Amino acid sequence: MLETLAVAASQALTLTNFFGAALGIFLGSLLGAIPGLNGTMAIALLIPVTYTWSPLFAIAMLVGCWKGSVYGGSISAVLLNAPGTPEAAATALDGYPLTKQGKAGKALKMALYASVIGAIFSDGLLMVASPPIAALALMFGPAELAMLILFALVVVADTGAKSQLKGLISTALGMLLATVGLDPITTQQRFTFGSIDLDAGIGLLAMLIGLLVMSEVLVQMEEGWREAHAEAMVKSDDPNASRVTWPELKGCLGTIFRSSILGSFCGALPGVGSITAAFMGYDQARRLSKHPERFGKGELQGVAAPEAANNAVCGAGLIPLVTLGIPGALSAAVIMGAFMIHGLAPGPMLMVEHPETIYGLFMLLILSDFFMLIIPLPLMKLGQWVVAVPRAYLFPVILALCVIGAFGTHQNLFDVKVMVFFGVVGYLMKKWELSPAALLIAFILGPMAEVYLRQALKISGGDPSIFVTKPLAALFLALALGAIVWTLLRNRRSKKTA
Amino acid sequence: MIQNRMDFKLGVGLAVFCVFLLVYLIPKHVGPLNEADALMPTLVTGFILLLGLLLAVQAIRRPAEKQHGAESHSSGQGSRWYTIAFVVLIMAAYAWLLDITGFVFTSLGAMVALFMVFGVKRWLPILAISLGTLGGLYLCFDIMLGAPLPVGTLVETFLE
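Peer 1: Just checking my understanding: could you explain the overall build of chain A for this structure?
Peer 2: Per the secondary structure count, chain A includes 21 helices and two strands. Its C-alpha radius of gyration of 22 Å places chain A within 12% of the 23 Å reference for a compact globule of 498 residues. In terms of overall dimensions, chain A has a C-alpha envelope of 75 × 60 × 45 Å along the principal axes. Put simply, of all contacts in chain A between residues at least 6 apart along the chain, 79% involve residues at least 24 apart.

Peer 1: Sorry if this is basic, but what is going on with the overall build of chain B here?
Peer 2: Broken down by element type, chain B carries five helices and zero strands. The N-to-C order of helical and strand elements in chain B reads α-α-α-α-α. The C-alpha atoms of chain B give 24 Å as radius of gyration, which overshoots the globular expectation for 160 residues (15 Å, by more than 25%). Dimensions of chain B along its principal axes, counting C-alpha atoms only, are 60 × 50 × 25 Å. Considering chain B as a whole, with its 160 residues, one finds that 28% of them fall into the buried category. When contacts within chain B are restricted to residue pairs at least 6 apart in sequence, those whose partners lie at least 24 apart make up 65%.

Peer 1: So what exactly am I meant to see when it comes to the interface of chain A and chain B here?
Peer 2: On the chain B side, the residues contacting the 47 residues of chain A number 57 residues. Put simply, the parts of the chain that give the side of chain A that touches chain B at least two residues each are helix H8 (164–177), helix H9 (204–223), helix H17 (391–410), helix H18 (413–431) and helix H19 (436–459) of chain A. The biggest single contributor to the side of chain A that touches chain B is H17(A), with 11 residues. Of the residues assigned to the side of chain A that touches chain B, the class counts are 31 nonpolar, eight polar and eight charged.

Peer 1: What exactly am I supposed to notice about the packing of helix H7 (residues 142–156) of chain A against H19(A) here?
Peer 2: Each packed pair of helices is defined by two parameters, the angle between the axes and the distance between the axes. All names here are of chain A. Between H7 and H19, the shortest axis-to-axis distance is 8 Å and the interhelical angle comes to 155°. On the basis of their axis angle, the class for H7 and H19 is roughly antiparallel. For the element pair H7 and H19, the recorded crossing hand is left-handed. Contacts between H7 and H19 pair Pro-142, Ala-143, Leu-145, Ala-146, Ile-149, Leu-150, Ala-152, Leu-153 and Val-156 from the former with Ala-438, Ile-441, Ala-442, Leu-445, Met-448, Ala-449, Tyr-452, Leu-453, Gln-455, Ala-456 and Ile-459 from the latter. A per-class count over the contact of H7 with H19 returns 19 nonpolar, one polar and no charged.

Peer 1: Is there a simple way to explain the environment of Arg62(B) in this structure?
Peer 2: All names here are of chain B. For Arg-62, the location among the structural elements is in the loop between helix H2 (36–61) and helix H3 (81–117). On the neighbour-count criterion, Arg-62 (14 C-beta atoms within 10 Å) is partly exposed. For the pair Arg-62 and Pro-32, spaced 30 residues apart in sequence, the C-alpha to C-alpha distance is 38 Å. Residue contacts for Arg-62: discarding those within four places in its chain leaves Gln-3 and Asn-4.

Peer 1: Teacher, can you tell me more about the domain arrangement of chain B here?
Peer 2: It is common to report an interface's size as the accessible area lost on association of the parts. According to the domain assignment, chain B consists of domain 1 (5–61) and domain 2 (80–159). Computed over C-alpha atoms, the centres of domain 1 of chain B and domain 2 of chain B are 39 Å apart.

Peer 1: I would appreciate a short explanation of helix H6 (residues 104–137) of chain A in the present structure.
Peer 2: Structurally, the α-helix is built with 3.6 residues per turn, so residues lying three or four positions apart point the same way. Residues and elements named next belong to chain A. End to end, H6 covers 46 Å across 34 residues, agreeing with the expected 50 Å (1.5 Å per residue, within 8%). Where H6 bends most, the angle comes to about 35°, and this point is Ala-129, followed within four residues by the proline Pro-131. Of all 34 residues in H6, 24 are buried, a share of seventy percent or more.

Peer 1: Mind showing me how you'd approach the environment of Leu25(B) here?
Peer 2: Along the polypeptide, Leu25(B) turns up in helix H1 (residues 5–29). Remark: the alpha-carbon pair of Leu25(B) and Val88(B), spanning 63 residues in sequence, is separated by 28 Å.

Cut-offs applied
Residues numbered from 1 in each chain as written. Chains lettered and ligands numbered in written order. Predicted model: local features only at pLDDT ≥ 70, side-chain atom pairs only at ≥ 80, totals over all residues. Helix = DSSP H or I, 4+ residues; strand = E, 2+ residues; numbered from the N terminus. Rg over C-alpha atoms; globule rule 2.2 N^0.38 Å. Contact = placed C-beta atoms within 7 Å. Buried ≥ 20, exposed ≤ 12 C-beta atoms within 10 Å, placed from the backbone. Nonpolar A, V, L, I, M, F, W, Y, C, P; charged D, E, K, R; others polar. Axes fitted to C-alpha atoms, helices over the stretch in contact; angles between N-to-C directions. Parallel < 35°, antiparallel > 145°, perpendicular 65-115°, else oblique. Left-handed = near helix turned anticlockwise from the far one by under 90°. Domains from an automatic or database assignment. Expected span 1.5 Å × (residues − 1). Bend = angle between axes of the 7 residues up to and from the residue.

The structure is reproduced here in structure tokens:
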């Protein structure tokens, strides 16, 4: 073990990798701060650039970008009351009132410290929890893994869909799209319609960019947007208005730790995500506060709690990914795409086959948390101009990046056409209240689910009872069915009360 | 009669598509439904068919939920459908022409067209941002990553 850690450290702790992690945080903070862009879009647009880089450098940069974008979202939330990312909406509740009091610097710094503490906590948990979970998962056979993926798919079906039914439809459509190309076992052509370009299946990256980035531009065009205007910042005479004092930080530490635990828990559970974590963190801070009446009027704990919680989601969100090969959230699914593009197949075998890379990545993640203390600082100064980039200027550039990003990875023009096609598909899905995120996660997990399902059936001689006679497989199957029933009942009840 | 027309159409459309898959596409482009290759597509299609029918039935009985107002960042005037269609058309042309007219000319043309669709009227920022983006992309992909961007068959012929 110590030898593995030493090798991992020698591979990971290089100046180049430090630069990768730092660059990711900078780009993530910058892109996350711009309303209309979010972390997932930023990661999707950056993946093509990382294609020729080493896996460690590339993934450290992409995860850094994820973390940076989560923090970056708070800059526009605090300065303009326009969250750059959805998870920063809770931060705006108290962050913007602080800005109106001339304490924007204090709010942004508290958000930064809370983010860093949340991220360190969650990365520590990732490092400690991953090896035993992966070791446990190694004991799973194809039947257990097939049912585990089924359970995960049912849980993530809720991601971004208006209803569980539509989430399940989106998931099933993703599974169906995953069957395009050569059969993973017999190499028989399926739905290729005689096209060689489709033999390898639908390009993941092209689909990802189309579904997440191009479609988002089309949706924002349809909904319309209000450009953020850089208003003159309110100045305060208080010398402490732009810094966090030690007593203030000390007063928030309890909240930050509780939110970090909550956020890590939400991150490790598939389908919960950072938006829920941020609001849960905010809510627990308000309920446990001695002065709940101050919340919503510029309470520092109201900034610290959601920021610690939503940043704690990132590291913990990688636990199901690296141990079970299941992305718990959309950003984790995009990161999973990056793992696959770099030849690393997420799952229990990842820690056996590439322990140096994984432990190296863990080290870089913790290190990047400390970079987060420094790198976004200039953005705080430039924040009010960065967040006000007009979207009429931004969107043509993003669309050009989509085209070249889709082309750049495989130098294949067919991928560009696929990207445009899925851009329209993603737009229509959002219009019909389906979930492109659930479709994408199912598309990534689909081939694995199929291989495990067929392997299990082969072992049992075609007898599907293997999924109920094996205790763990039966447990996951029961959990999946239970999740469907529970969500349908919950939907019904919430509609009745509405 | 039908409470939620959009969901009803979506459910029926999905169900019809699934029947088409089961009757024609899977047997013709995968294999007989009882073979291993067709197991997953058949299972998933059957599941979507079931969910599509459920959605259609639900749409008959349950009205659409009302939108609770637009989000804070989307309170502006939205684009009309033909503007969105125009952007899609530009993107499709961009994808198809990339091979013929190459990265530089296609990207420049597409970006200028997109800027105009998005309502930017001043030529200086249009050209500056377009050329800056193209330069950045060329530097990143062609020079740094060694992943050449398409020159275009027409441009190649002209250069020869």
